[in-house]
Amino acid sequence: AQSVAQPEDQVNVAEGNPLTVKCTYSVSGNPYLFWYVQYPNRGLQFLLKYITGDNLVKGSYGFEAEFNKSQTSFHLKKPSALVSDSALYFCAVTPRRGNFNKFYFGSGTKLNVKP
Amino acid sequence: DSGVTQTPKHLITATGQRVTLRCSPRSGDLSVYWYQQSLDQGLQFLIQYYNGEERAKGNILERFSAQQFPDLHSELNLSSLELGDSALYFCASSGAGGTFSGNTIYFGEGSWLTVV
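Residues numbered from 1 in each chain as written. Chains lettered and ligands numbered in written order. Predicted model: local features only at pLDDT ≥ 70, side-chain atom pairs only at ≥ 80, totals over all residues. Heavy atoms only, no water.

> What exactly am I supposed to notice about the state of the cysteines here?
All names here are of chain A. Evaluation of the coordinates by the stated rule reveals two disulfides over all chains. Disulfide pairing is shown between Cys23 and Cys91; the S-S distance is 2.0 Å. Disulfide Cys23 to Cys91: torsion about the S-S bond roughly -65 degrees, handedness left-handed. One end of the pair, Cys23, is in the loop between strand S3 (19-21) and strand S4 (24-26); the other, Cys91, is in strand S10 (residues 87-94), with 68 residues separating them in the sequence. (Disulfide = S-S within 2.5 Å. Helix = DSSP H or I, 4+ residues; strand = E, 2+ residues; numbered from the N terminus.)

This is how it looks when you write it as structure tokens:
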């Protein structure tokens, strides 16, 4: 069965420190990979995606994600966290094949950045 | 602004009632998705339409139904509402699949439904 796992419900980090939000997946056929952020009472906003090429993808607000095919992981990273990064983060994947996109979302990870 | 428009933004209704949530996808997007997000649950996939046809069904209750119209806008109908249906309902859209696979899915700001 296709699935996406975000093993941490919550990640706490001090402002200025690097952050990592983990995501692993079990989806056949080298899927496309995405990260989204959700601020309170808002919709999900697209951060970045991996299509092909360089395993390190850069996205909005200084975030980047590293694709690791052998570990089937797509961890979200930022070198220096800001308090304003505190939000809910979702990993998502969609298979490469098919005539329409079907998306699988993780359960979300709450990021708390403390001053 | 994602380009996905949802109305109404907030809705308060009584148990047993029926409501309709409306979604206009991004210009040119053929796929529309509906998700439910409750306080104690993550993002629950309800249903997906592609160019007017139902393509995938998730955890959608029988009391709920949806459709996508020829102009590609979509409606989610929720009937016989219960207190537990109170949630944030999201619509999202993405482009065509096939050779265009890898299109990003974009979310609207959601419709807050409160059942009292």
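> Just checking my understanding: could you explain the sheet that holds strand S3 (residues 19-24) of chain B for this structure?
Pairing between the strands of a sheet comes from backbone hydrogen bonds, and it takes one of two forms, parallel or antiparallel. Residues and elements named next belong to chain B. Read from one edge to the other, the open sheet built from four strands follows the order S1-S3-S8-S7, with strand pairing classed as antiparallel. Each edge of the open sheet carries a strand with a single partner, namely strand S1 (5-7) and strand S7 (64-68). Neighbour-to-neighbour, the strand axes of the sheet open up by a mean angle of 15 degrees, direction not taken into account. The pairing of S3 with strand S8 (residues 74-78) spans five bridges and is classified as antiparallel. (Pairing = 2+ DSSP bridges. Axes fitted to C-alpha atoms, helices over the stretch in contact; angles between N-to-C directions.)

> Hey, could you run me through the pattern of salt bridges in this one?
Should their charged atoms come close, side chains of opposite charge can pair. Taken as a whole and assessed by the stated rule, the structure comprises seven salt bridges over all chains. One salt bridge in this structure joins A:Glu64 and A:Lys58, with 2.9 Å as the shortest N-O distance. Look at A:Lys58 and you get exposed, because its relative accessible area is 63%. Across the pair B:Arg63 and B:Glu82 runs a salt bridge whose closest N-O atoms are separated by 3.7 Å. Separated by 19 residues along the polypeptide, B:Arg63 in the loop between strand S6 (53-57) and S7 and B:Glu82 in the loop between S8 and strand S9 (87-94) bring together distant segments of the chain. Residue B:Glu82 is classed as partly exposed on the basis of its relative accessible area of 44%. Beyond isolated ion pairs, a larger network of salt bridges with shared partners links B:Arg63, B:Glu82 and B:Asp85. (Salt bridge = Lys/Arg side-chain N within 4 Å of Asp/Glu carboxyl O. Buried < 20%, exposed > 50% of the residue type's maximum accessible area, 1.4 Å probe, protein only.)

> I tried to follow the interface of chain A and chain B on my own but got confused; where do I start?
Across the contact, 22 residues belong to chain A and 27 residues belong to chain B. Approximately 1900 Å² of surface area, both sides summed, lies buried where chain A meets chain B, with 53% of it carried by carbon and sulfur atoms. Taken together, chain A and chain B are joined by one salt bridge. Note that A:Arg42 is salt-bridged to B:Glu109, the shortest N-O span being 2.6 Å. Counting across the interface, chain A meets chain B through five residue pairs in polar contact (both at pLDDT 80 or more). At the level of secondary structure, the elements contributing two or more residues to the side of chain A that touches chain B comprise strand S5 (32-38), strand S6 (44-50) and S10 of chain A. (Contact = heavy atoms within 4.5 Å. Buried area = accessible area lost by both parts, 1.4 Å probe. Polar contact = N/O pair within 3.5 Å; in protein donor to acceptor, adjacent residues only side chain to side chain.)

> Even after reading the chapter, I still don't get the layout of surface pockets, so can you show me in this structure?
Rolled over the atoms, a probe as big as a water molecule pinpoints where empty space is left. Estimated volume of the largest pocket: approximately 510 Å³. Forming the walls of the largest pocket are 21 residues, and the residues nearest its centre are A:Gln38, A:Leu88, B:Gln37, B:Ser38 and B:Leu39. Of all the elements in the fold, those that place two or more residues in the lining of the largest pocket are S10 and strand S12 (109-114) of chain A. Each residue belonging to the lining of the largest pocket can be placed in one class, and the counts come to nine nonpolar, nine polar and three charged. A volume near 260 Å³ is recorded for the second largest pocket. Lining the second largest pocket are 16 residues, and of these A:Tyr104, A:Phe105, B:Leu43, B:Phe45 and B:Asn59 sit closest to its centre. Contributions of two or more residues to the lining of the second largest pocket are made by strand S1 (3-5) and strand S11 (104-105) of chain A together with strand S5 (43-50) of chain B. Ranked by residues supplied to the lining of the second largest pocket, first place goes to S5(B) with three residues. The residue makeup of the lining of the second largest pocket, split by class, is seven nonpolar, eight polar and one charged. (1 Å grid on protein atoms, 1.4 Å probe; cavity = no way out; pocket = protein on both sides within 12 Å on 5 of 7 lines; lining within 4 Å. Points joined across faces, edges and corners; volume = space filled by probe spheres on them. Nonpolar A, V, L, I, M, F, W, Y, C, P; charged D, E, K, R; others polar.)

Functional significance is not addressed by these values, which are geometric in nature.
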